Structures are given as structure tokens and as C-alpha cells.
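# Structural overview
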Amino acid sequence: MLKPKIAKALDKLSSKTAIKNTIYTVSIIIFFALILLPPILGIIIKWGSIEDVLNQPKLMSEAFNAIAASFAVAFFVSFIDVVAGVPMAWMITRGKSKWLSVLDTLSDIPFIVPTATLGYSLLLFWNEPGGLSSLFGASFVSPGWLLVILLHFTFSFPVVVRVMVGALLDYKLEYEQAARTLGAAPLTADRTVTFPILKHSLIASFTLAFARSLSETGATMMVAGAFVHGPIFINKHIGEAGPLVFVSAILIALSGLVFVTIRLLGPRLKMPVRKVWPVVERKLSSSTIASSRNGLTLLIFFVIVLVPSLFVAVPAFEAIFTGVLPEALGGVGVWGDYWRSISLSYFVGIVVTLLNVAIGLPMAIIIARRKIGNGPSAVLDVLVNIPIIVPSVALGASLAIFWKENFAFMPEIWLLIFAHLSITYPYFVRSMSAAVERISMELEEAGRTLGAKPLGVFRTIIFPLTKYSMLSGAIMMFTRSVSETGATLVVSNLVTAPVLLVNWVKSGAPTATLGLGCGFLILFSFIILLVLRLVVKGREAY
Amino acid sequence: MPNVRLMNVTKRYGKIVAVDGVNLHIYDKEYFSLLGPSGCGKTTLLRLIAGLIQPDEGEIYIGDRLVTDVPPEDRDIGFVFQTFALFPHMNSWDNVTYGPRVKGFDVRKSETIGHEVLEMVRLHERLDAYPNELSGGMMQRIAVARALAAGSKLLLLDEPLGQLDAKVRNELRYEIRRMTKDLELTAIHVTHDQAEAMAISDRIAVIKKGKILQVGTPKELYMTPKSVFIAHFIGESNFLEGYVSDLNRRGATIELRGGIKVQAGAPKDMDKGDRAVLAIRPETFVVEKGIKKTENSILGTVERITFEGTNIRYEIRLRNEDSVVVVRPSLVEEWLKVGEKVTVSFSPENTHVFAYPEAGLREELAVE
Ligand SMILES: Nc1ncnc2c1ncn2[C@@H]1O[C@H](COP(=O)(O)OP(=O)(O)OP(=O)(O)O)[C@@H](O)[C@H]1O
Ligand SMILES: [Mg+2]
């Protein structure tokens, strides 16, 4: 009976204003000191080296091209993501088939497959002789811009599906039904009522996909061929401060501008709800068109998203028969390194997840409940996003500069952890603050009037109602950390699993070995996903 | 000619039978209420008529047209939702003219209709206000206006007054009835409030657990309830348990607990010796001070008095330990006092005799 006593004692402590304020202050200080500033300060420290680029017109124009390519890919891909992802989310939430919950689970897979693995898997599927190319004789899609677009679509598509499934589940169907009873054909009702009401979620899904595409480095490197975008450009000139500072600064500034613009203009964006084409829209609402749309959506999902992501598992099956599997399980040869790298990845993943839950939770509450006043809380809300939009390779490089030049004694493992903390922090704080915001203040106040202390309110009201978001936020951080490649490569010489896999690809390891290496990572992530699904089975309750 | 017919309509949700083999005919230009306790399937029935959900069995006709497989937009109906479901991203005017626009009417015609219906709900100011800027009463008027603007002759209302406070609710319910009568609409109104249903309906269907128990005018339901449940749910009744000790020309003699014999109205399909429930409305009792010997008189003691304004309510413990509620007008008579010995009497014509429910009386009366 020790636990209730401790809980009680802690509850009592939490009602002391001084202690509450200390927790909030510390979490804000940590955010600035560890998460937000180091990645930016590194760039600022080396600001002078920007002249290296400015003095080389050729390098500068290359840099500009790379930046332009980054934005072009991100815009195009996020746009396609929304166009393809919304019908998918629609089908998952509105369809009647039992299989749809399976489809729902499947749509998460590309999200949790480590990105470096994903890049390799796509390469095998689209380009290598064992994949689609075997059907067509020659390389079907060779490394280059097209494969980069396919890749970015694959890993950002699930982001849109996730956000939109959540939004559609929360959406009050009555609005749409009201439109139907007033005589609107299904398509008209969706266009003039449902989508305008879901506008915020549409914009949010676009922005998240955009940010994800803009900063991805590890997987893109594998499929880029001669194609160069911002992160690849930085990676090519790794070790030189000039290109890093130049490209990162511009990427951060421009994407910041894009985000602020979307934030400001989004709410004012009006959809053309007053114009109606009854005859045409009625025809387009027909069931034949709806089922062809569903068919096409499924086709796109399976052929462009799911199968390419899992394609790497095919040589892994081969490995079972060739004796690679026992070797792997026994840790023979390269497999010793493999298991060491896997342990390192999971160790870092767990540490990062736990630390971020501890420092991110108070921050989420500060933002959601405007604990430090409306203005400052809104500013924090924007600042929290910054680490997602910095290209991961730039973030890694900048962190390396900052820590190594000022705190040379810092062990590499800590640099790695700091990098991952910065990269994953926004995911958690985002989803948690949104979840806390959805809990009505009245509920919390009811708890307080019934005599619960602040921590008690958290334990008995906020936590039970946000467990799903908290858990999925934690899982997102964990999988993101385990799959992180770009920043990890730059920030330290430690070899995590994705770094090892990239090395294997570069050194031309046999496909069976590579396939199995990737296969294990996917399998582990899949188990994590399954556990998540089982643990939060009752999420419909909220 | 929008009369509505439902034939053997059933709707299941897993194991729950929300609507159970319903047969119903709602006449043209009628103001019809679906009345029943929470969870009995009223909303489900209304949504089936609207086509927002499909029945598992049975057929639904609107006019002469079989609409079971017709989508809601083609049923030509107006629907008012319990929560109003006003489009939050459109102002009042755009909400109201939504129907005419999606039906492809030209701009001039849409605007004319818009002004007409807003005239009708007497809400012409605040046309550019968004739903979150309106009061509950205003939202309700806009919701009704929006449903009317679609121009159909069948109006479906799902607890349209449920979200409003008592005063506004009482005003608006007559207004809705007036409008539907002016426009010669058929209206189907869902409510769990029997006073509301009694006040505005031409006819009422009382529903319990997905089944229709009785259909009739408010007066019929009140005067000749067909079951214990209806006698309980429409108005108010005292229920005294006993058995039929004799059947005679005037009706039946019922022996209550404690051997008290009273004369009651004619029971239906009952024999001597059957267990029975005698239902008596609280307002039909006569109460006199002291001991009086008239027909159907029972001695008792006043246990509790509640002053309700118009009426005064007495709880009286009868000499056989049964308890009855008696309601008397508060201004007409001298009040009784707690503890006072009284004689309670009633006339046989004001009683109803029902067979004792198989499930037990309490279970039968339960509204859940
Ligand atoms: N979509 C659904 N899924 C599962 N069960 C449902 C669904 N809709 C209704 N039910 C069940 O069907 C029964 C009837 O519900 P309905 O909403 O029609 O009741 P109601 O009479 O309108 O009640 P209320 O007065 O509370 O609105 C209830 O037991 C309800 O739980
Ligand atoms: Mg209802």
C-alpha cells in the first residue's frame, strides 16, 4: 500500500504553486536549452562561413537548385498525399467492410518502417532486377527525381491518412446528413459541408506531410541517384560549414515563411461553397464512380505505398533457406555488428522517448491550457514546430558544431540522444497538446471542485482521456528515433541500425543479408504497432 | 400527397432491435408525434423515414412511392435535427438558402424562398450571423427555416425543442404547429415529452422498446389507454393491485389488497379470479374529511402534501397500506392537513382495469 501513499503525497505537493511553477519553468528552459536552440545556434556560430558559398557562384547556384528541388518535391508530394490520402481515410471511416480495420492498420506500416530501410525497399521494388524491373526487362524506375517522389509519397501518405481518419472520426455526421435531407447529392454535401468543416485538418495534414518531406534525408539518399535536394546537398558537402549554414538557413527561413503563411491564410481560405452544379455533381456521386474511386485508391495504396515498403521482406524469406538466417541469429560475422547497432538504436529510442515524455508533457499542458498567458503560449506553439522543419542532416550537423565546439567533453552518445530529442520532441508535444485541448476545461474544473489536487486531476482525468494520444505520441517518437538516419550520420560516429544498413547498401552487401537486416527492423516495428493497437483498443470510447 | 406508410419495418443494431416490426400510417397534412421514453427507437424510426439509415426489413412509402432504396436527397423531405446541425461555416442566410441552391433553383427564386421562410420564422435580422453567434431559440428557428426552404411537403422533426429552456420551448411548439398548418405540411415530430406531444399533435404513436403500443388522438390515449404502460406514460395514474372477484353488467368488482371490494369499469378479455391492475387518475378522486360511506370509498390518512401552484398534490395511505396520489385544484377547495383522516372515493367510469402484466407491474412501467 505504498503506492497510494506516495500518490497522495505527490498530489499534495503539486498544489503548491511554487512547485507547479518550477515544473513549468524547468520544462520551458529545457525546451530552449536542449531542443530548440542547439540546432540553430550551431548554424549561427558558423554564420561567417556562409561567405565560402557566396564567393563560389557555381556552388551557390547548385545550392539554390537543391533548395528549389526540396520545395518542389515537398509541395508536389504533399498535394498528391492529400488527394490520395483523403479518399483512403474516407474509405476507412465510412466503409462497412470488416476488412477496413485491417486496412487501417496496414496504412500505418510505411510510417513505422525505418526510413533508411524504406528507401532500400523502394529501390529493390522499382529498380533492382528482382522487383518490377523483372516484369519489364529493364530498370523500371531508376534512382533519380521520380523515385524520390515515389519515396516521399510512400512515407508521407500515412501521415495524411492518420490525421484525416482522426478528423473524420471526430466529425459530426449530422452536418452531412442535414445537407443530404436538404437535397444535396453526396458529392455536393461533401464539397460544400464536410470538407469546409474539416478544413483545419486538411491543412494540418498537408503541413505535416510537407514538413516530413522537406527534412527527410536518410531514405532519400538511397534512391536519389544524381538528384540533389537540400538535405542531400548538405550531406555531399558534409564537413564544410559553408554549404551547411547556407542551405539550412534558407530552408529554415523559407519553410518558416511557408508555415506562418499557412497559419495566417489557412483560416481565411474560403472554399467555394455557394456554387453548386446539381446535375454534374449528382452524376459524379453515382455508386459506380464511388467504387471506381475506392478501387483506384486501393490500387495506389498497395502498388505505390504498401508493397514497395514491404518488398524488402522478399529476400529476407530467401535468407531462411540459404543459411543466412541461422548466421544472423547466431551473430556470426557482420551480424555481431548488426545486433549491436540494433541494441544501440533501441536503447537510444527508449531513452529519448522517456526523456521527451517527461519534458514534453508539461510543455503540452502549458500550450493547451495557456498556462503562461495567451500570447507567449501561442509563440511556444509555433516554436515547437521548428525542429520538424529543419532538415535532419542539417540539424545533426548544427548540433555537432554547437556541442563539439563548446562542450568538447560531451560523450558522443549524448550528442546522439540530444539530436533525437530535438527531432522527436515536436511529434509528442503536438499530439499531446491537441489531445489536452480536446478535453473540456469544465471536466478538469469539475475534478478540482470535487477536491482533486492538480496532479490528481492529471492522474484521474487528463491521463485516462489522453492515454491514446500519449501512447501514440510515444510510439511515433520511438519509431522516428529508431529509424532516424540523416542526423545520426552527421552527429556522431556511433553506428545505429539505420546507419549500419546504409553502410551495407553502400558496400554492396548481398541482398539476402540486407533484406534480413531490414526485415528484422520492420518486424520489430510491426510488433510495436500491434501492441499499440491492442493496448488502445478502446479508443472509440472517446 | 405526402402520407407516410411503414410496413413491417425493422432495424437492428447488432443484438439491439431498435425498431421492431413497425406498421404505421401517417395521413396527409397531419401533425403526428412519435412519443416514447429515451432509447425506445424514435430517432431511428424518423431516420428510417428520412432515408438516413436503411431498414433491415419492411417497406416505407412516402405518398404512393416506395422509397426504401431512395437516398435522402431524393425523398423530398425537410429534417430538423435535435442539435440543429446548422452548418458552422455558413451564416444564417447561406444556411437557409442551402436547400434551394443545391436543388439547382436560380438565384432569384432561391432568394425569394429565403425571404419567405425567414418571414415565417420571424427572424429577419442577423442574417449574416454565424450559428455560434446565435441563441438557442434563434438557431432553432433557422433550422426550421432551412428545412422549410427546401420546399418539401413532409417535415420531420427530431426533438426540435429539446435543447431549449421551458419558456421558449412552450412558445415555439405552437409556432411550429401553426407554420405546418399554414403550409399544409405533413409533420412527424419526435419527442419524449408527453405534455409536448399532447399539446400539439393531431395523433400520437406511443413507442416502447422499438414497438408501437398505441396510436390515437391525444384524447383517445388519455381516455382509453390500452395498457398499463400507456395509462402511466400519458398523464398520470395510480395503480392498485387486486383480482377480479365478480363480472357484472356495469363492469367488474375488483377485490383489492386487504379485502376491499370496489366497482370498476369493464375489463377486456378477463375472467373471474384473474389478477388485475386498477388504474385511477389522480385528478378523478374525491377526497372528504372524516369517514364517509359512499360507493367505492376507502378510508385513509394524508401522508404528504405538495403545493404545485395550480394544483395541490396529496399522498394518501389507504387503510390497506396501498398508497395513492390525489391531485386537486389548489384554489377551489379547503386544503387537507398532514395526518388527517379522510375518505377517498372515485366513480367506476373513471377507472380502467388491466390484466396484471406478466413481467410484473414495476417492470412494465419502467421507461428504460
Ligand atoms: N448507430 C447505432 N449503433 C448502435 N446502436 C444504436 C445506434 N443508433 C441507435 N442505437 C440503439 O437503438 C436504440 C434506439 O435508439 P434511438 O436513438 O432511436 O432512441 P430514441 O428513442 O431516439 O432515444 P432518445 O430519446 O434518447 O433520443 C437504442 O438502444 C440505441 O442504443
Ligand atoms: Mg433520439
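What this report covers is the structure whose coordinates are included nearby. Per chain, residue numbering runs from 1 following the sequence as it is written. The lettering of chains begins at A and the numbering of ligands begins at 1, in the order of writing. Residues qualify for local features only when their pLDDT is at least 70, as the model is predicted, and side-chain atom pairs are given and counted only at 80 or more; totals for whole chains, interfaces and linings, by contrast, use all residues. Only hydrogens and water are removed before side-chain values are computed, so all heavy atoms of the structure are retained for them.

### Structural notes on the nonpolar core
Put simply, the rule reads: Among buried residues, those of type Ala, Val, Leu, Ile, Met, Phe, Trp, Tyr and Cys that are joined through side-chain atoms within 4.5 Å constitute a nonpolar core. For each residue, the accessible area found with a 1.4 Å probe, counting protein chains only, is set against the maximum for its type, and the residue is called buried under 20%, exposed over 50%, and partly exposed in between. Runs of H or I in DSSP of at least four residues are treated as helices and runs of E of at least two as strands, each being numbered from the N terminus.
Core analysis: the largest hydrophobic core is formed by 124 residues, its most contacted members being Tyr338 of chain A together with Leu34, Phe87, Tyr98, Leu156 and Ile188 of chain B. In terms of residues, this core owes the most to one element, helix α9 (residues 145-170) of chain A, which gives 14 residues. Val352, Leu361, Val384 and Met470 of chain A belong to the second largest nonpolar core, which has 77 residues in total.

### Considerations on the pairing of strand β3 (residues 31-35) of chain B
Residues and elements named next belong to chain B. Here is the rule we go by: Two strands are said to pair when DSSP picks up at least two bridges between them.
Of all 5 residues making up β3, 5 are buried, and the element is well covered by its neighbours. One ladder, built from 5 bridges, connects β3 with strand β8 (residues 186-191); its direction is parallel. Bridging from a neighbouring strand, Tyr31 pairs with Ala187 of β8. Note: β3 against strand β9 (residues 203-208), 4 bridges, orientation parallel. Its bridge partner lying in β9, Phe32 is registered against Arg203.

### Examining the sheet that holds strand β1 (residues 4-13) of chain B
Residues and elements named next belong to chain B. To be explicit about the condition: Two residues qualify as a contact provided that any one of their heavy atoms is within 4.5 Å of a heavy atom in the partner residue. Lines fitted to C-alpha atoms define the axes, with helix axes restricted to the stretch in contact, and inter-axis angles between N-to-C directions lie between 0 and 180 degrees.
One open sheet holds the 4 strands; their spatial order is β2-β1-β4-β5, and the pairing between them is antiparallel. The two strands at the open ends of the sheet, each matched to only one other strand, are β2 (16-26) and β5 (65-66). As defined by bridge partners, β1 adjoins β2 across 7 bridges and the pair is classed as antiparallel. The residue bridging Arg12 from the neighbouring strand is Val17, located in β2. This element, helix α1 (residues 42-50), spans β1, β2 and β4 (57-62) of the sheet and lies at about 120° to β1.

### With respect to the site of ligand 1
All names here are of chain B. This is how the line gets drawn: Working definition: residue near molecule or strand if any one of its non-hydrogen atoms lies within 4 Å of it. The term polar contact refers here to a pair of N or O atoms within 3.5 Å; inside protein, the definition further demands a hydrogen-donor-capable atom paired with an acceptor-capable atom, and it admits residues adjacent in sequence only when both atoms are side-chain atoms. All accessibility values rest on the Shrake-Rupley procedure with a 1.4 Å probe; residue burial counts only the protein chains present in the view. Under the scheme applied, nonpolar residues are Ala, Val, Leu, Ile, Met, Phe, Trp, Tyr, Cys and Pro; charged residues are Asp, Glu, Lys and Arg; polar residues are all the others, including Gly.
All residues adjacent to ligand 1 are Tyr13, Ile16, Ala18, Ser38, Gly39, Cys40, Gly41, Lys42, Thr43, Thr44 and Glu159. A distance of 2.7 Å separates an oxygen atom of ligand 1 from a polar backbone atom of Gly39. Taking Glu159, its side chain carries an N or O atom lying 3.4 Å from an oxygen atom of ligand 1. Starting from 640 Å² of accessible surface for ligand 1 in isolation, the protein chains cover 61%. Among the elements of the structure, β2 and α1 are those that each provide at least two residues to the shell around ligand 1. Considering every element that reaches the shell around ligand 1, the biggest residue donor is α1, with 3 residues. Class assignment of the residues belonging to the shell around ligand 1 gives a composition of 4 nonpolar, 5 polar and 2 charged.

### Comments concerning the packing of aromatic side chains
All names here are of chain A. Definition in use: Note on aromatic contacts: the rings of Phe and Tyr and the six-membered ring of Trp form a pair at centre separations within 6.5 Å, being stacked when their planes are under 30 degrees apart, edge-to-face when over 60 apart, and tilted otherwise.
The full count for this structure, using the stated rule, is 30 aromatic pairs over all chains. Their ring planes at 50° and their centres at 6.1 Å tell us that Phe71 and Phe210 sit as a pair that is tilted. Taken together, the positions of Phe71 in helix α4 (residues 57-94) and Phe210 in helix α12 (residues 199-215) put the pair 139 residues apart, joining distant regions of the chain. Consider the rings of Trp90 and Phe195, whose centres lie 5.7 Å apart with planes at 55°: the pair is tilted. Placement of the pair is Trp90 in helix α4 and Phe195 in helix α11 (residues 186-197), with a sequence separation of 105 residues.

### Comments concerning helix α21 (residues 374-383) of chain A
What sets the pattern is the α-helix's 3.6 residues per turn: residues three or four places apart point alike. As a reminder, the rule being used: Think of the arc as the fan of directions from the helix axis to the C-beta atoms.
Of the residues making up α21 of chain A, those classed as buried are Ser377, Leu380 and Asp381 of chain A. Each buried residue of α21 of chain A sits inside an arc of 105° when the element is viewed along its axis, so together they form one side.

### Describing the interface of chain B and chain A
Using the following cut-off: For any pair of parts, buried area is found by adding up, for both, the accessible area (1.4 Å probe) each one loses once the two are put together. A side-chain nitrogen of Lys or Arg and a carboxyl oxygen of Asp or Glu constitute a salt bridge if their distance falls within 4 Å.
Taken residue by residue, the interface counts 27 residues in chain B and 24 residues in chain A. Between chain B and chain A, roughly 2200 Å² of surface is buried when both sides are summed, and carbon and sulfur atoms account for 59% of that area. Taken as a group, Glu73, Tyr98 and Val102 of chain B account for 26% of the area that chain B buries against chain A, more than any other trio of residues on that side. The interface formed by chain B and chain A contains 3 salt bridges. Those elements that place two or more of their residues in the side of chain B that touches chain A are α2 (92-96), α3 (98-102) and α5 (136-149) of chain B. Of the residues that constitute the side of chain B that touches chain A, the class distribution is 16 nonpolar, 4 polar and 7 charged.

### Digging into α5 of chain B
Residues and elements named next belong to chain B. The line we're drawing: Every helix has an expected span of 1.5 Å times one less than the residues it contains.
In this model α5 runs 20 Å from its N-terminal to its C-terminal C-alpha over 14 residues, within 8% of the 20 Å that 1.5 Å per residue would give. Taking burial as the measure, the 14 residues of α5 include 11 buried ones, the bulk of the element. Among the residues of α5, Gly137, Gln140, Arg141, Ile142, Ala143, Val144, Ala145, Arg146, Ala147, Leu148 and Ala149 are the ones counted as buried. Note on α5: the residue one or two positions beyond its end, Gly151, has a positive phi of about 80°.

### Brief notes about the side chain of Glu73 of chain B
The residue Glu73 of chain B is located in the loop between β5 and β6 (78-80) in this model. Since its relative accessible area comes to 11%, Glu73 of chain B is described here as buried. Among the polar contacts made by the side chain of Glu73 of chain B, one reaches the side chain of Arg180 of chain A at a distance of 2.5 Å. Excluding anything up to four places from it in sequence, Glu73 of chain B contacts Arg180, Gly183, Ala184, Ala185, Pro186 and Arg282 of chain A.

### Here we look at the sheet that holds strand β14 (residues 275-280) of chain B
All names here are of chain B. In spatial order, the strands read β13-β12-β11-β14-β20; together these 5 strands make up an open sheet with antiparallel pairing. Strands at the two margins of the open sheet, each flanked by one partner only, are β13 (261-264) and β20 (351-355). The sheet shows a mean angle of 45° between the axes of neighbouring strands, taken without regard to direction. Sheet analysis places β14 next to β20, joined by 5 bridges and oriented antiparallel. Paired with Leu278 across the two strands is Val353, which belongs to β20.

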